[in-house]
Amino acid sequence: MPPPAPIGVVLARTAKTAGRAFDQALAAAGGSQPVWQILISLKTTQVANQRELADAIGIQSATLTHHLNSMETAGLVTRRRDPANRRVHLVELTDHGEQLFHRLATAAIAHDQRLRKGLTDTEIAQLADLLHRLAANVTDDD
């Protein structure tokens, strides 16, 4: 019997497969992972400046600007200068952005339910714990 694959390889393959499936679910609902991340961040802050938004999502400002340009053209967000600091742009969801957020949220929930299929609540909790421990193993400074 061949030796089991290294856990890092199994984890990377699983993450890639799950990520691809999530991309497909969001695309079918009219979005993408970057758009979803931006929308969900805006939903939790209502009005955010671009720097705060980039930090919250974990992407570079230039990458965020690229996505926001497309989203603004599509009527999903508006940007305006902050009256208190003209160098800062404030980003807000439009009604169209709200509608897309709800469609993508439905797709994200369905994707999560698909991932959980056949697993008990106990197994989900164990998996989450194991994944957190794996992450801690590679981020600890010991």
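What comes next is a walk through the structure. Note that the coordinates shown come from a computational prediction; the quantities given were computed from them, not determined experimentally. (Residues numbered from 1 in each chain as written. Predicted model: local features only at pLDDT ≥ 70, side-chain atom pairs only at ≥ 80, totals over all residues. Heavy atoms only, no water.)

### Some words on the overall build of the protein
This is how the line gets drawn: Going along the chain from the N terminus, every DSSP run of H or I of four or more residues is numbered as a helix, and every run of E of two or more is numbered as a strand. All radius of gyration figures rest on C-alpha atoms, and the globule criterion is 2.2 Å times the number of residues raised to 0.38. Only protein chains enter the accessibility calculation, which uses a 1.4 Å probe; a residue is then buried when its area is under 20% of its type maximum, exposed when over 50%, and partly exposed in between. Whether two residues are in contact is decided by their heavy atoms: any pair within 4.5 Å suffices. Only the protein chains shown count as cover for residues, and all accessible areas are computed by the Shrake-Rupley method using a 1.4 Å probe. Working convention for charge: Lys and Arg count positive, Asp and Glu count negative, and His plus the chain ends are omitted. A charged residue contributes its charge at one atom only: NZ of Lys, CZ of Arg, CG of Asp or CD of Glu.
Along the backbone of the protein there are six helices and three strands. In the protein, the succession of helices and strands from N to C terminus is α-α-β-α-α-β-β-α-α. For the protein, whose C-alpha radius of gyration is 19 Å, the value lies well above the compact-globule estimate of 14 Å for 142 residues. If you line up the protein on its principal axes, its C-alpha atoms span 65 × 40 × 25 Å. In the protein, which comprises 142 residues, the share counted as buried stands at 27%. At a minimum sequence separation of 6, the contacts of the protein that also span at least 24 residues come to 51%. When the accessible surface of the protein is split by element, carbon and sulfur atoms take 56% of a total near 9700 Å². Computed over 15 positive and 15 negative side-chain charges, the inter-centroid distance for the protein is 8 Å.

### Focus on the pairing of strand β2 (residues 77-82)
So the rule is basically this: Paired strands are those between which DSSP finds at least two bridges.
Pairing analysis gives six bridges linking β2 to strand β3 (residues 85-93), with the strands arranged antiparallel. Following the sheet pairing, R79 is matched in β3 by V91. In sequence, β2 turns back onto β3 through a hairpin of two residues.

### Describing the side chain of D82
Where we set the bar: Any Lys or Arg side-chain nitrogen located within 4 Å of an Asp or Glu carboxyl oxygen qualifies as a salt bridge.
Secondary-structure assignment places D82 in strand β2. Of the side chains bearing the opposite charge, R80 lies closest to the buried D82, which forms no salt bridge; the N-O distance is 6.0 Å. Setting aside residues no more than four positions away along its own chain, D82 makes contact with V88 and L90.

### Comments concerning the environment of H111
Tracing the backbone through its elements, the reader meets H111 in helix α5 (residues 95-116). Residue classification places H111 among the buried residues on the basis of a relative accessible area of 10%. C-alpha of H111 to C-alpha of I59: the two residues are 52 residues apart in sequence and 23 Å apart in space. Those residues in contact with H111 that sit more than four places away from it in its chain are A18, A21, F22 and A25.

That is the geometry; function is a separate question.
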